[in-house]
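Descriptive analysis of the structure
Single-letter residue listing:
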Amino acid sequence: MTKSELILRIAALNPHLYHRDVERIVTAIFDTMTEALERGDRVELRGFGAFSVKYRESRVGRNPRTGSNVVVEEKYVPFFKTGKDLRDRLNNFVKK
Amino acid sequence: MANETITRAHLSNSVYQEVGLSRNESTNLVESVLDEIAAALARGEMVKISSFGSFAVRKKQERVGRNPKTGEEVPIASRQVLVFRPSHVLKDRVNNYLTKFRVKLTKKRGASGPLQKSARIVPSAHTRNQRGLS
């Protein structure tokens with residue numbers, strides 16, 4: 001499922017909304033999450049999962065092709081941890 | 001900065017401000033977006049959100065694990081796990097902003113064990129000098 005397919009599904013569930021409004025709604029949701037992560041904030045969606053940012057220290061890596069040492073700069077990476085309900089749902093456990 | 005937790009309430013507030021819907025309806029829309037994603041994943045589908053990232057379901061084989069406390073061998077049944085791959089756009093935005101402002105995310109160990117994140121801003125050169133640090 002892509003973002004546009006997601007928008008179509010949400011639009012189908014909400015026939016009273018204009019398609020372009022559904023588009024704005026879905027975009028607003030992901031934009032809010034992106035902006036939060038950009039600030040280093042955590043996004044916690046109970047039952048679904050949590051997005052956070054992890055810090056990775058600089059390290060000496062290797063170019064796998066040549067074997068030469070390369071300095072990998074420190075960086076911040078987005079991270080997602082699946083929520084319990086979603087994890088159970090993936091394994092067909094029915095929520096009590 | 002950098003120590004707030006964004007929840008469903010924040011997301012529905014964004015929806016509320018974006019389109020002229022009631023708060024109640026905004027909340028329901030956030031919920032149905034999350035639910036549609038979860039449903040697609042439960043069907044085994046991959047979910048790709050452009051400029052955000054993609055979620056994919058990965059099947060894990062059954063393997064023999066070990067209770068780290070007792071050293072006892074325990075079978076771990078085959079299961080499905082979710083992997084999130086952030087898009088390059090998201091990775092770059094997160095990295096650029098935080099590197100620029102040198103936000104330090106520090107690891108703290110909570111009482112119950114799992115790693116918790118809190119963040120603080122690294123003091124500027126000026127404050128460091130005043131404290132005789134740098």
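Conventions adopted
Residues numbered from 1 in each chain as written. Chains lettered and ligands numbered in written order. Predicted model: local features only at pLDDT ≥ 70, side-chain atom pairs only at ≥ 80, totals over all residues. Heavy atoms only, no water. Helix = DSSP H or I, 4+ residues; strand = E, 2+ residues; numbered from the N terminus. Buried < 20%, exposed > 50% of the residue type's maximum accessible area, 1.4 Å probe, protein only. Contact = heavy atoms within 4.5 Å. Domains from an automatic or database assignment. Buried area = accessible area lost by both parts, 1.4 Å probe. Salt bridge = Lys/Arg side-chain N within 4 Å of Asp/Glu carboxyl O. Polar contact = N/O pair within 3.5 Å; in protein donor to acceptor, adjacent residues only side chain to side chain. Nonpolar A, V, L, I, M, F, W, Y, C, P; charged D, E, K, R; others polar. Pairing = 2+ DSSP bridges.

As for the overall build of chain B
Assigned secondary structure in chain B consists of four helices and eight strands. Going from N to C terminus, chain B has its helices and strands arranged as β-α-α-β-β-β-β-β-α-β-β-α. Taking all 134 residues of chain B together, the buried fraction comes to 31%. Here the analysis covers contacts within chain B between residues at least 6 apart in sequence; of these, 27% occur between residues at least 24 apart.

Digging into the domain arrangement of chain A
Residue and element names in this part refer to chain A. Taken as a whole, chain A is organised into domain 1 (1-40) and domain 2 (42-96). Each of domain 1 and domain 2 was reduced to a C-alpha centroid, and the two centroids are 23 Å apart. Contacts between domain 1 and domain 2 engage four residues on the former and six residues on the latter. When domain 1 packs against domain 2, the two sides together hide about 440 Å² of surface, and 84% of this comes from carbon and sulfur. The largest contributions to the domain 1 side of the interface with domain 2 come from Met33, Leu37 and Gly40, which together make up 90% of the buried area. Where domain 1 meets domain 2, there are zero salt bridges. Taken together, the connections running from domain 1 to domain 2 amount to zero residue pairs in polar contact (both at pLDDT 80 or more). Its residues assigned to classes, the side of domain 1 that touches domain 2 shows three nonpolar, one polar and no charged.

Description of the interface of chain A and chain B
It is common to give the size of an interface as the accessible area lost on bringing the parts into contact. Across the boundary between the two partners, chain A contributes 47 residues, which contact 58 residues of chain B. It is A:Met1, A:Tyr76 and A:Leu90 that lose the most area in chain A upon contact with chain B, and together they represent 16% of the buried surface on that side. For the interface between chain A and chain B, the tally reads four salt bridges. In this structure, B:Glu18 and A:Arg24 form a salt bridge, with 3.0 Å as the shortest nitrogen-oxygen distance. Applying the counting criterion to the chain A and chain B interface returns 18 residue pairs in polar contact (both at pLDDT 80 or more). Elements with a minimum of two residues in the side of chain A that touches chain B: helix H1 (3-13), helix H2 (19-38), strand S1 (42-45), strand S2 (49-56), strand S5 (75-82) and helix H3 (84-90) of chain A. Among the elements that make up the side of chain A that touches chain B, the one with the highest residue count is H2(A) (14 residues). Per-class residue counts for the side of chain A that touches chain B are 24 nonpolar, eight polar and 15 charged. Strand direction decides the pairing type here: S1(A) and strand S1 (residues 5-6) of chain B, joined by two bridges, are parallel. Considered in S1(B), the bridge of A:Val43 is made with B:Ile6.

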